[in-house]
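Chains, contacts and geometry: an overview
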Amino acid sequence: MRLLTFEDAGKARLGLRLGADVVALDALGSDVPADMPALLAKGADFLAALAARAEGAPRLKLAGLTLLPPVPTPGKMICIGLNYALHAKEGGNPIPDYPAVFMRGATSLVAHDQPMLRPRASQKLDWEAELAIVIGRRAKNVSEADALSVIAGYACFNEGSVRDFQRKSTQWTVGKNFDRTGAFGPEIVTADEVSPGADNLRIMTRLNGEVMQDSTTGDMIFKVPRLIAILSEVMTLEPGDVIATGTPSGVGYARTPPRFLAPGDVVEVEIESLGVLRNTIEDEA
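Here's a quick rundown of the structure. Treat the numbers as computed from the prediction; the structure is a model and nothing was measured. (Residues numbered from 1 in each chain as written. Predicted model: local features only at pLDDT ≥ 70, side-chain atom pairs only at ≥ 80, totals over all residues. Heavy atoms only, no water.)

Overview of the environment of Thr170
As a reminder, the rule being used: Helix and strand assignments follow DSSP, with helices taken as H or I runs no shorter than four residues and strands as E runs no shorter than two, numbered in order from the N terminus.
Within the fold, Thr170 resides in the loop between helix H4 (163-166) and strand S14 (182-190). For the pair Thr170 and Gly56, spaced 114 residues apart in sequence, the C-alpha to C-alpha distance is 54 Å.

Below you can see the structure in the form of structure tokens.
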């Protein structure tokens, strides 16, 4: 299943994408939750039954919808740094024994086909293609063996990073939380449609059609089950929480000369099985 959130008359609505069409889930019955975390918490069996109900339902054209991030306000947006071996190498960093973890706020997120903003404070906005994990059930102290059972699905993420602010301290949070710099979407693809743990999926970034990053999730240092186990040892994961799993090599700051995003650019993140997340770049007003 491919689940999304769209805006209609100023209100967020949930949808199920069926090809070029979308079924608005609030039309399928009063038992359908109005927000994505609550929907995901219903579990895979409920979602499968919902898909069957959607077959004969009225449809909207995807092309006419304004998408929101699939989870517009995650309870937690957890981000992992230096999680691809070649990316760690290109930045001159050692392979970590424990993942670098930081958080993003909801105001830093932006949807598919909406502009990512280069902030007034900096001209060093960089791209980072990332696999996003979306949690489907409450989980604490989960073993690696059981980790995949707590995942509802996966999505594309572009962790726009303001590099000079990222390096103002040993903590990366400031450079990762400028408004509308983290693109998320276009939809959540449920885990049953993806390889176990989303392993060995091709992941790419294109800038104005030119390939900047081209790798696979097989280069991850900490694979999806390991990340779930590590994070759930520390914090309770809840439905709708999102984990951005790090980026492969090919980012802008590591190039010679460095290359950053500028107004008018079109940046696309594509992940095998998940689709394409596309955004233009604009300057912050």
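Overview of helix H2 (residues 44-54)
This is how it is decided: Partly exposed describes any residue whose relative accessible area lies between the buried limit of under 20% and the exposed limit of over 50%, with all areas from a 1.4 Å probe on protein chains only and scaled to the type maximum. Think of the arc as the fan of directions from the helix axis to the C-beta atoms. The criterion used for residue contact is that any of the two residues' heavy atoms lie within 4.5 Å.
What H2 keeps buried is the set Phe46, Leu47, Leu50, Ala51 and Ala54. End-on, the buried residues of H2 take up no more than an arc of 140°, which puts them together on one face. More than 90 degrees from the buried face of H2, the exposed residues found are Asp45 and Ala52. Buried-residue contacts for H2 involve strand S1 (2-8), strand S2 (11-18), strand S3 (21-24), helix H1 (36-41) and S14.

Focus: the pattern of salt bridges
Formally: When a carboxyl oxygen of Asp or Glu is within 4 Å of a side-chain nitrogen of Lys or Arg, the pair counts as a salt bridge.
Throughout the structure, instances matching the rule amount to 22 salt bridges. Across the pair Arg59 and Asp21 runs a salt bridge, and its minimum N-O distance is 3.8 Å. With a gap of 38 residues between them, Arg59 in the loop between H2 and strand S4 (60-61) and Asp21 in strand S3 connect regions that are remote in the sequence. Judged by its relative accessible area of 38%, Arg59 is partly exposed. We classify Asp21 as buried; its relative accessible area is 15%. As a salt-bridge pair, Glu128 and Arg163 come within 2.9 Å of each other at their nearest N and O atoms. Separated by 35 residues along the polypeptide, Glu128 in the loop between strand S10 (125-126) and strand S11 (129-135) and Arg163 in helix H4 bring together distant segments of the chain. Of the two residues, Glu128 and Arg163, both sit in the buried class. Salt bridges here are not isolated pairs; linked through shared partners, they connect Arg2, Arg17, Glu187 and Glu193.

Some thoughts on the packing of aromatic side chains
Applicable threshold: Aromatic contacts are taken between Phe, Tyr and Trp rings whose centres are within 6.5 Å, Trp giving its six-membered ring; a plane angle under 30 degrees counts as stacked, one over 60 as edge-to-face, and the others as tilted. Comment: the charge-over-ring label is applied if NZ (Lys) or CZ (Arg) is within 6 Å of the ring centre and within 35 degrees of the ring normal.
Summed over all chains, the structure comprises three aromatic pairs. Between Phe165 and Phe178, the aromatic rings sit 5.1 Å apart at their centres with planes inclined by 80°, giving edge-to-face as the arrangement. Of this pair, Phe165 sits in helix H4 while Phe178 sits in the loop between H4 and S14; the two residues are 13 residues apart in sequence, bridging distant segments of the chain. A residue is classified by how much of its surface remains accessible, and Phe178, at 17% relative accessible area, is buried. Positioned above the aromatic ring of Phe46 is the side chain of Lys42, whose terminal nitrogen or guanidinium carbon lies 5.0 Å from the ring centre.

What about the environment of Met116?
Within the secondary structure layout, Met116 lies in strand S9 (residues 116-118). Of the residues examined, Met116 reaches a relative accessible area of 0% and is grouped as buried. For the pair formed by Met116 and Glu282, sequence separation is 166 residues and the distance between their alpha carbons is 6.3 Å. Ignoring anything within four residues of it in the chain, the contact list for Met116 reads Val110, Asn158, Gly160, Arg180, Thr181, Ala183, Val267, Asn279, Thr280, Ile281 and Glu282.

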